[in-house]
Amino acid sequence: MKGHKRFRAGAWRLTVNAKDPVSGERKPVYRTVHAPNTKRGAERADTELAKLIAEVGTGRTMPTSGLTVEQLVERYIVDKSPSWSPGAADETRRRVAQHITPHIGSVAIERLRPIDVQQLHAALRAGGLGEGSIGRVHDMLRAALNWAERLDLIVKNPAAKVDRPRGAKPDITPPAPADVVRMI
């Protein structure tokens, strides 16, 4: 894999061509190094270019796929729904449209960070959604991002680093033995 560097407007622009995970086409991956146009600056740019080539080669850095969270979740639903129960895909789409799309649906999947998922939880809480329901939204988002990670659309799943909200445990009090005998 090759890359090249170019000095322009006070910084070095590094470029490495990589395979787009969605289309399979070659797309550039860019990185900017702020260093002067001197021998020392060129050496620093060369070092960063070697690191970028290694990252692209190992898959730690990929070209952007252009997919948003909303588009990714829809692709996930289309791929997985044949094995789901009838109506589950429609219910999942409704939940996505109601809870995910308004908050992070337009975010590119490569730019989604754990803090964005945490803020989604906070926004859903502020909107009056219960912890159990937020947990189900989190599970669906995390499953879609796991699927994207397995398909090399993203390097890491940001939802995996955020704790899943848990619903409150119900206080279960069993009936007294005399009540059980009376019910039988």
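Residues numbered from 1 in each chain as written. Predicted model: local features only at pLDDT ≥ 70, side-chain atom pairs only at ≥ 80, totals over all residues. Heavy atoms only, no water.

**What about unusual backbone geometry?**
- The backbone phi angle of A9 is positive, close to 55°, even though this residue is not glycine.
- Looking at the secondary structure, you find A9 in the loop between β1 (3-8) and β2 (11-19).
- A residue is classified by how much of its surface remains accessible, and A9, at 83% relative accessible area, is exposed. (Helix = DSSP H or I, 4+ residues; strand = E, 2+ residues; numbered from the N terminus. Buried < 20%, exposed > 50% of the residue type's maximum accessible area, 1.4 Å probe, protein only.)

**Regarding the nonpolar core**
- Residues V69, I100 and L141 are the most contacted members of the largest nonpolar core, which totals 27 residues.
- Among the secondary structure elements, those contributing two or more residues to this core are α2 (69-80), α3 (88-104), α4 (114-126) and α5 (131-150).
- Among the elements that line this core, the one with the most residues is α5, at eight residues.
- For L141, the contacting residues outside a window of four places in its chain are V69, I100, I104, V117 and L120. (Core = buried A, V, L, I, M, F, W, Y, C linked by side-chain atoms within 4.5 Å. Contact = heavy atoms within 4.5 Å.)

**Quick word on the pattern of salt bridges**
- What the rule picks out here adds up to eleven salt bridges.
- The shortest N-O distance in the salt bridge between R93 and D90 comes to 3.9 Å. Of this pair, R93 and D90 are both found in helix α3, three residues apart, which corresponds to roughly one turn of the helix.
- With its nearest N and O atoms 2.7 Å apart, the salt bridge here joins D139 to R164. Placement of the pair is D139 in helix α5 and R164 in the loop between α5 and α6 (177-183), with a sequence separation of 25 residues.
- Residue R164 is classed as partly exposed on the basis of its relative accessible area, which comes to 25%.
- Overlapping salt bridges, with partners in common, bring together E74, D90 and R93 in one network. (Salt bridge = Lys/Arg side-chain N within 4 Å of Asp/Glu carboxyl O.)

**Regarding α5**
- Along its 20 residues, α5 runs 28 Å from first to last C-alpha, staying within 8% of the 28 Å computed at 1.5 Å per residue.
- Among all positions in α5, only I134, G135, V137, H138, M140, L141, A144, L145, W147 and A148 are buried.
- Structurally, α5 contributes buried residues whose contacts are with α2, α3 and α4.
- Positioned one or two residues after α5, D152 has a phi angle of 60°, which is positive. (Expected span 1.5 Å × (residues − 1).)

**Comments concerning the packing of α3 against α5**
- Remark: α3 packs on α5, axes separated minimally by 11 Å, with the N-to-C direction vectors making an angle of 85°. In terms of axis orientation, α3 runs roughly perpendicular to α5. Together, T92, R95, V96, H99, I100 and I104 of α3 and R136, V137, M140 and L141 of α5 make up the contact between the two elements.
- By residue class, the composition of the contact of α3 with α5 is six nonpolar, two polar and two charged. (Axes fitted to C-alpha atoms, helices over the stretch in contact; angles between N-to-C directions. Parallel < 35°, antiparallel > 145°, perpendicular 65-115°, else oblique. Nonpolar A, V, L, I, M, F, W, Y, C, P; charged D, E, K, R; others polar.)

**As for the sheet that holds β1**
- Strand order in the open sheet formed by three strands is β1-β2-β3, with antiparallel pairing between adjacent strands. In the strand order of this sheet, the two ends are held by β1 and β3 (26-33), each with one partner. Shown here is a sheet whose adjacent strand axes are inclined to one another by a mean of 25°, direction ignored.
- Bridge count between β2 and β3: eight bridges; the pairing is antiparallel. Note on β3: the bridge partner recorded for A18 is K27.
- Across the sheet, helix α1 (residues 39-58) touches β1, β2 and β3, and the angle it forms with β2 is around 20°. (Pairing = 2+ DSSP bridges.)

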